[in-house]
Amino acid sequence: SALFVFVVDPYFFNAERAEKMPHRLQYMLDALAVLEREIARRGSRLWFIRGRSVDVIPRLAHAAEASEVLAMRWTEPFGRERDRQVAEQLQVPLVLHEGETLLPPGSIRSLGGRPYSVYSHFRRRFLDRYSHEPTLPAPSFLDRSPLPEGFDVTRCPTLSDFGLTANGMLQPGGEPHARQRLDLFLDQMVQQYGTGRNDLGRERTSRLSADIKFGTLSIREIWNRVRTCDAPHEDKSTFLSELVWREFNYSTLWDHPEILRRPFKPTWNDFPWRWDPDSWRAWMTGTTGYPVVDAAARQLLQTGFVHNRARMISASFLTKHLQIDFRRGESHYLRWLVDGDWAQNTMGWQWAAGCGADAQPWFRIFNPITQGRKFDPDGSYVRRWVPELEGLETRYIHAPWEAPPEALEWAGVKLGETYPHPVVDHATARKDFLATAKAYLNPQTPTSGAGTFAASAVGSAGGFRATSQPA
Ligand code: FAD
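Residues numbered from 1 in each chain as written. Predicted model: local features only at pLDDT ≥ 70, side-chain atom pairs only at ≥ 80, totals over all residues. Heavy atoms only, no water.

Novice: Talk me through the overall build of the chain; I want residue IDs and the actual numbers.
Specialist: The number of helices and strands found in the chain is 20 helices and five strands. Over its C-alpha atoms the chain spans a radius of gyration of 24 Å, differing by no more than 12% from the 23 Å that the globule rule assigns to 471 residues. Excluding contacts between residues fewer than 6 apart, the proportion of contacts in the chain whose partners are at least 24 apart in sequence is 74%. When the accessible area of the chain is evaluated, it comes to approximately 22100 Å², of which 52% is carbon and sulfur surface. Charged side chains in the chain number 57 positive and 55 negative. The centres of these two groups are separated by 4 Å. (Helix = DSSP H or I, 4+ residues; strand = E, 2+ residues; numbered from the N terminus. Rg over C-alpha atoms; globule rule 2.2 N^0.38 Å. Contact = heavy atoms within 4.5 Å. Areas by Shrake-Rupley, 256 points an atom, 1.4 Å probe, with all protein chains shown as cover. Lys, Arg positive; Asp, Glu negative; His and termini not counted. Charge placed at Lys NZ, Arg CZ, Asp CG, Glu CD.)

And the structure:
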């Protein structure tokens, strides 16, 4: 027999923290309510117990005379530390199952036994090792065991317990919804995933990231069903490769927990990021004047989700055009994303900034105009999230400042009033970042354009490693 327990730890479940992750909390509480129902339907009960997990679990295991404690492994450093503390106090084994990843983090190693820092090498080794484990069906009946005395039993928390109200634009959490998303993806999208995944305007990706993150649908089941479905090999392989990127990110965090605070590449530790509250606010609120960047910002705040291509454009813009520290963007994303995840998010941000493992080269700067034209060619992504540009002709939708006055007037757009002028000029910002980065990363290489160089260092936080000091 078994006891099913969810510990309502005040460290996570309090109003202050809830405000810092309202969307994830909403998803998780939705999913927990479903889990509670499903366990009850099978004849048992999910107990919600208030307290610190490091106290409750060992005490409960002892009181219930448990022979073992089962849980899902976490890769995040604080989860690992929590599990270590729980295991230390238990008199029975703590059995951690791989729910977050396909293979245990830290198990993919080079022949020399070292972690990989190049994704393609990791992927090759992963595909050699992973044996497509089958998934087990959920049991149809569960025993109900009595809870020993002396525990602070509560009910499944709700958003209102933390002073929050539900956001109706969020994708709903819980296994039935996750299954629907997977079925829809297999039925209609996986067949063109290779090209469709970059299409900003159509929803051609699975939207399974939160389900995978919270474990409401098994990562193994998703892997197996995609692998064996009837779709072109290329499309399936592209999708499965994304799941391997995810493994790579977890594996990197496992070996380098410090990346939650610092760049993966230590050479970036003192990068002279700038701080400009106005451009930061413009980026956060979706008022930079670059429509695709603004669409991403607003999609995030309204729905807790951002398309992957838009995440890359938006992160590149913050870190390169505005030269704002990637950690600021990272924590803003973590606050609002439903799928917000320490490993995936920090690695995504560090990839875009250029300081992560196998990152985008620092000198590759996404052009928000051409990215918009290429991946949102009919402007539907922009029109959906930046409705004040809705009437603008498609040829101007990614660069409204290029539109002639009559086109703006016809569309009811008044630049500087109904929609902002660009917060920075793309070409100037690009040159500026390249000069800053080159001076910092390759101080021996002469930089061109002293004026650009001087401007690039304005507001830099200590540690500027250029050979000459800014004017
Ligand atoms: P699909 O295209 O359907 O992909 C299927 C699954 O593969 C996803 O659900 C996800 O689990 C995984 N996946 C897809 N793309 C990536 C990727 N580039 N890196 C790692 N895994 C991937 N993903 C998160 O889950 N949580 C985050 O906090 C997060 N933050 C990010 C921040 C930035 C700056 C960037 C560039 C990417 C981030 N990603 C994050 C990765 C990616 O954007 C999302 O996983 C993806 O957009 C989710 O949409 P989907 O489920 O429809 O993806």
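Read on, since the account is not over.
Novice: A description of the pairing of strand β2 (residues 46-50) should follow, citing residues and the corresponding values.
Specialist: Within β2, four of the five residues are buried, which leaves the element mostly enclosed by the surrounding structure. For strand β1 (residues 4-8) and β2, the ladder comprises five bridges, and the chain directions are parallel. For V8, the partnering residue across the bridge sits in β2 and is R50. The pairing of β2 with strand β5 (residues 153-154) spans two bridges and is antiparallel. Bridge pairing in β5 places I49 opposite V153. (Buried < 20%, exposed > 50% of the residue type's maximum accessible area, 1.4 Å probe, protein only. Pairing = 2+ DSSP bridges.)

Novice: An account of the sheet that holds β5 is needed here, citing residue identities and associated values.
Specialist: Taking strand neighbours across the sheet as the criterion, the three strands line up as β1-β2-β5 in an open arrangement whose pairing is mixed. What marks the edges here is a single partner per strand, and that holds for β1 and β5. Sitting on the sheet, helix α2 (residues 22-41) is in contact with β1 and β2, with an inclination near 130 degrees to β2. The strands that helix α3 (residues 53-63) touches are β1 and β2; relative to β1, the one it contacts most, it runs at about 155 degrees. (Axes fitted to C-alpha atoms, helices over the stretch in contact; angles between N-to-C directions.)

Novice: Report on the site of the ligand, specifying residues and quantitative values.
Specialist: In the neighbourhood of the ligand, 26 residues make up the surrounding shell, with Y193, T205, S206, R207 and N308 lying closest. One of the side-chain N or O atoms of S206 is found 2.6 Å from an oxygen atom in the ligand. N308 has a polar side-chain atom sitting 2.7 Å from an oxygen atom of the ligand. Contact with the protein chains covers 94% of the free accessible surface of the ligand, which is 820 Å². Elements supplying a minimum of two residues to the shell around the ligand: α8 (209-214), α10 (233-255), α13 (308-321) and α15 (342-353). (Near = heavy atom within 4 Å. Polar contact = N/O pair within 3.5 Å; in protein donor to acceptor, adjacent residues only side chain to side chain.)

Coordinates in, geometry out; function isn't part of it.
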